[in-house]
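# Per-entry structural report
Residues per chain are reported as follows:
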Amino acid sequence: MREKLFDIIEPANDKANKGSSIYDIVMLISILLSMVPLLTKKDTTTLFIIDRVTAFIFIFDYLARLLTADIKLNKGAKSFFLYPFTPMAIIDLLSILPSLIPINSSFKVLRLIRIVRTLKVFKSFKMFRYSKNLERLLKVFKNQSHSLAAVASMALFYVFFTALIMFNIEPSTFDNFFEALYWSAISLTSVGYGDIIPVSDTGRLFTIVSALMGVAVVALPSGIITAGYIDILNEERKEDVKVKETKKGND
């Protein structure tokens, strides 16, 4: 019974598994519908019903996955304790909790409402489970984690280093070091909001150098992710070729 349930709730890799394919479609539609209330600030009966119905579906999905955790993780009884701490299980739980938090008129504090609405955004992350492209992207981040971590460390050091220099070059421009960090991050990404700008020639010259160097730093993770994505596509093509050759050999 639990094996059949697991086959249904797991994303379908085999087109012949109609139960799993239907379940995937239902979950994708539910995820999309659950985001509808977040597109407006109004609270209507229709949006309330959508929120509650989708929350019920997500609760069922979470409990079903928890019930079959040992099949998923293959670690025996420990699986039921380990599963709630897996990344997707945490996302599932965060997408459910906001709909279970009652906000009565006496407790309707603006800050609490904002927190609850923010948590509801986690529903969109459930798409990762059912999207092949998003699954590939997660695999890229996992495979290239060391390279991306090295680039991230370099970028953070670059932001801190340039902020430190600029903070001392133009002390009158920045009220505190955090503003210098903000300026450095904005310059690194070439966003340029223009709310904090250098006023001295030295500061402007250093900004030019910082922006040019920043382009190279920002380009590094893009190249790593692209190369990793291509590698995964090539691996999938090789696997498909092997499967086709195996089927021909069996025939």
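Here goes a summary of the coordinates provided. It should be emphasised that the depicted structure is a prediction, and the values quoted were computed from it without experimental measurement.

### Looking at the overall build of the chain
- Looking only at helices and strands, the chain features eleven helices and zero strands.
- The order of helices and strands in the chain, counted from the N terminus, is α-α-α-α-α-α-α-α-α-α-α.
- Expressed as a percentage of its 251 residues, the buried residues of the chain come to 28%.
- Relative to all contacts within the chain whose residues are 6 or more apart in sequence, the contacts with residues 24 or more apart total 64%.
- Accessible surface, the chain as shown: approximately 16700 Å² in total, 68% of it carbon and sulfur.

### As for the environment of Asp51
- Looking at the secondary structure, you find Asp51 in helix H3 (residues 45-67).
- The class for Asp51 is buried, based on a relative accessible area of 5%.
- Through-space distance from the C-alpha of Asp51 to that of Ser99 is 6.9 Å; in sequence the pair is 48 residues apart.

### With respect to the layout of surface pockets
- For the largest pocket, the calculated volume is near 730 Å³.
- What lines the largest pocket is a set of 20 residues, among which Lys72, Pro87, Met88, Arg129 and Leu138 lie closest to the centre.
- Those elements giving two or more residues to the lining of the largest pocket turn out to be helix H1 (2-9), helix H4 (69-73), helix H6 (87-100) and helix H8 (132-143).
- By residue number, the principal contributor to the lining of the largest pocket is H8, which donates four residues.
- Taken together, the residues of the lining of the largest pocket sort by class into eleven nonpolar, two polar and seven charged.

### Some remarks on the environment of Arg136
- Locating Arg136 in the fold gives a position in helix H8.
- A sequence separation of 94 residues divides Arg136 from Ile230, and the C-alpha atoms of the two residues are 10.0 Å apart.

### With respect to the nonpolar core
- The biggest cluster of nonpolar side chains holds eleven residues, and these are Ile9, Tyr23, Met27, Ile31, Phe58, Tyr62, Ala64, Ala69, Tyr83, Ala89 and Ile96.
- Taken together, the elements giving at least two residues each to this core come down to helix H2 (18-34), H3 and H6.
- Not counting the four nearest positions on each side in its chain, Ala69 is found in contact with Asn74, Ser79, Phe80 and Tyr83.

Parameters at a glance
- Residues numbered from 1 in each chain as written.
- Predicted model: local features only at pLDDT ≥ 70, side-chain atom pairs only at ≥ 80, totals over all residues.
- Heavy atoms only, no water.
- Helix = DSSP H or I, 4+ residues; strand = E, 2+ residues; numbered from the N terminus.
- Buried < 20%, exposed > 50% of the residue type's maximum accessible area, 1.4 Å probe, protein only.
- Contact = heavy atoms within 4.5 Å.
- Areas by Shrake-Rupley, 256 points an atom, 1.4 Å probe, with all protein chains shown as cover.
- 1 Å grid on protein atoms, 1.4 Å probe; cavity = no way out; pocket = protein on both sides within 12 Å on 5 of 7 lines; lining within 4 Å.
- Points joined across faces, edges and corners; volume = space filled by probe spheres on them.
- Nonpolar A, V, L, I, M, F, W, Y, C, P; charged D, E, K, R; others polar.
- Core = buried A, V, L, I, M, F, W, Y, C linked by side-chain atoms within 4.5 Å.

These values are about where atoms sit, not about what they do.
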